[in-house]
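Observations on the model geometry
Single-letter residue listing:
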Amino acid sequence: MPIVSNPSSQNETPAPIINLENVSVRYRLPSERIGTLKEYTIRLLQRRVRHRDFWAVHDLSLSINRGEVFGIVGDNGAGKSTLLKVISKVLRPTTGRVRIYGKIAPLLELGAGFHPELSGRENVFLNGALLGYSHEEMTAVFDEVVDFSELSEFIDAPIRTYSSGMYARLGFAVATAHQPEILIVDEILSVGDEAFQRKCTDRITGFRENGATVLMVSHNLGLISEMCDRAAWLDHGKLMKIGTAEEVIEMYREGFQ
Ligand SMILES: Nc1ncnc2c1ncn2[C@@H]1O[C@H](COP(=O)(O)OP(=O)(O)OP(=O)(O)O)[C@@H](O)[C@H]1O
Ligand SMILES: [Mg+2]
């Protein structure tokens, strides 16, 4: 009998840029209260600190394609930020494999990479350096960063005096001053006001048109459905559903009602 090939295999398979295979992340939590650091150290040396294992991500496999805008939704504590940290290589998975076929910009989350005592201006350069850009490269985009963030009035004030929305504005403006190959955004878009959100989403759309890959976590389901091609729903560290953003959001909404 002739072997009938699967018609779908004749389609061009999209190239993954992020590939996770059976990824699990375990946190170790002390299972009893230890009052002081001294007591903790003594107990640690005596091997008398008891830990409870907590699996924040369970056996998760996921492939994200080059050029996709991919969303992750799920309740508080579902493991979304943990997953982004694993993808950004901030955390090593306890088991499983993470493969990234591109240059990943550091995880963009609220306040990441900012020093509270330094001014907005100094933080732009500090952040730029963390992103791998030289002083000259940051000088070249500095005015544009300040313009985009609309913080020129506050740019010489220490970051600790900024509101969370102002933090998010500056963070997003710096991280996206140069187009990254892979941009990972943890919730930061929801903090800005509506006008700023629009600017951010326009910028992300522009990146997508230029072939960048974007991975975003948000509780703003409208934003996920507007921006994302595909999405995943995480619940208690498990992948509940992966599909088009609409499908996933619908299922997530049904799931938690
Ligand atoms: N450093 C840590 N040590 C121990 N447990 C942690 C640590 N970080 C996160 N967790 C736990 O892992 C689980 C997942 O946390 P995570 O921050 O990934 O959730 P999330 O989906 O991003 O939630 P949110 O929507 O609130 O941002 C939570 O139960 C949390 O308590
Ligand atoms: Mg989170």
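In this report, the structure presented in the accompanying data block is examined.

Rules used in this analysis
- Residues numbered from 1 in each chain as written.
- Chains lettered and ligands numbered in written order.
- Predicted model: local features only at pLDDT ≥ 70, side-chain atom pairs only at ≥ 80, totals over all residues.
- Near = placed C-beta within 6 Å.
- Helix = DSSP H or I, 4+ residues; strand = E, 2+ residues; numbered from the N terminus.
- Nonpolar A, V, L, I, M, F, W, Y, C, P; charged D, E, K, R; others polar.
- Buried ≥ 20, exposed ≤ 12 C-beta atoms within 10 Å, placed from the backbone.
- Axes fitted to C-alpha atoms, helices over the stretch in contact; angles between N-to-C directions.
- Left-handed = near helix turned anticlockwise from the far one by under 90°.
- Contact = placed C-beta atoms within 7 Å.
- Core = buried A, V, L, I, M, F, W, Y, C linked by C-beta atoms within 7 Å.
- Pairing = 2+ DSSP bridges.

1. Remarks on the site of ligand 1
- Contacts to ligand 1 come from Tyr27, Leu29, Phe54, Ala56, Gly74, Asn76, Gly77, Ala78, Gly79, Lys80, Ser81 and Thr82.
- Breaking the shell around ligand 1 down by element, the ones donating at least two residues are strand 1 (16-30), strand 2 (51-65) and helix 3 (80-87).
- Classifying every residue of the shell around ligand 1 by side-chain character gives five nonpolar, six polar and one charged.

2. Things to note about unusual backbone geometry
- One non-glycine residue with positive phi stands out, namely lysine 89, at about 65°.
- Residue glutamate 150 is not a glycine yet carries a positive backbone phi of 60°.
- One can find glutamate 150 in the loop between helix 5 (135-149) and helix 6 (164-175).
- Residue glutamate 150 is classed as partly exposed on the basis of its C-beta count, with 15 C-beta atoms lying within 10 Å.

3. Some remarks on the packing of helix 5 against helix 6
- At their nearest, the axes of helix 5 and helix 6 sit 9 Å apart, and the two run at 145° to each other. As for how helix 5 packs across helix 6, the hand of that crossing is right-handed. The segment helix 5 lies against helix 6, with Val145, Phe148 and Ser149 engaging Arg169, Leu170, Ala173 and Val174.
- Classifying every residue of the contact of helix 5 with helix 6 gives five nonpolar, one polar and one charged.

4. Topic: the nonpolar core
- In terms of nonpolar packing, the biggest core is built from 62 residues, with Val73, Leu83, Ile184, Val214, Ala231 and Val248 touching the most fellow members.
- If one sorts the elements of this core by residue count, helix 6 sits on top with eight residues.
- Non-local contacts of valine 214, meaning those with residues more than four positions away in its chain, are made with Val69, Leu183, Val185, Ile204, Phe207 and Arg208.

5. Notes on the pairing of strand 5 (residues 182-186)
- Among the five residues that make up strand 5, five are buried, leaving the element largely enclosed by the rest of the structure.
- Sheet analysis places strand 5 next to strand 6 (residues 213-217), joined by five bridges and oriented parallel. Looking across to strand 6, one finds that isoleucine 182 is bridged to threonine 213.

6. Let's talk about the sheet that holds strand 4 (residues 95-100)
- Reading across the sheet, the three strands line up as 2-1-4 and stay open at both edges, with antiparallel pairing between neighbours. Because the sheet does not close on itself, it has two edges, and the strands there are strand 2 and strand 4. Going from strand to strand, the sheet's axes swing by 25° on average, the running direction of each strand aside.
- Examined bridge by bridge, strand 1 and strand 4 share five bridges and lie antiparallel to one another. Note that in strand 4 the partner of asparagine 19 across the bridge is arginine 99.

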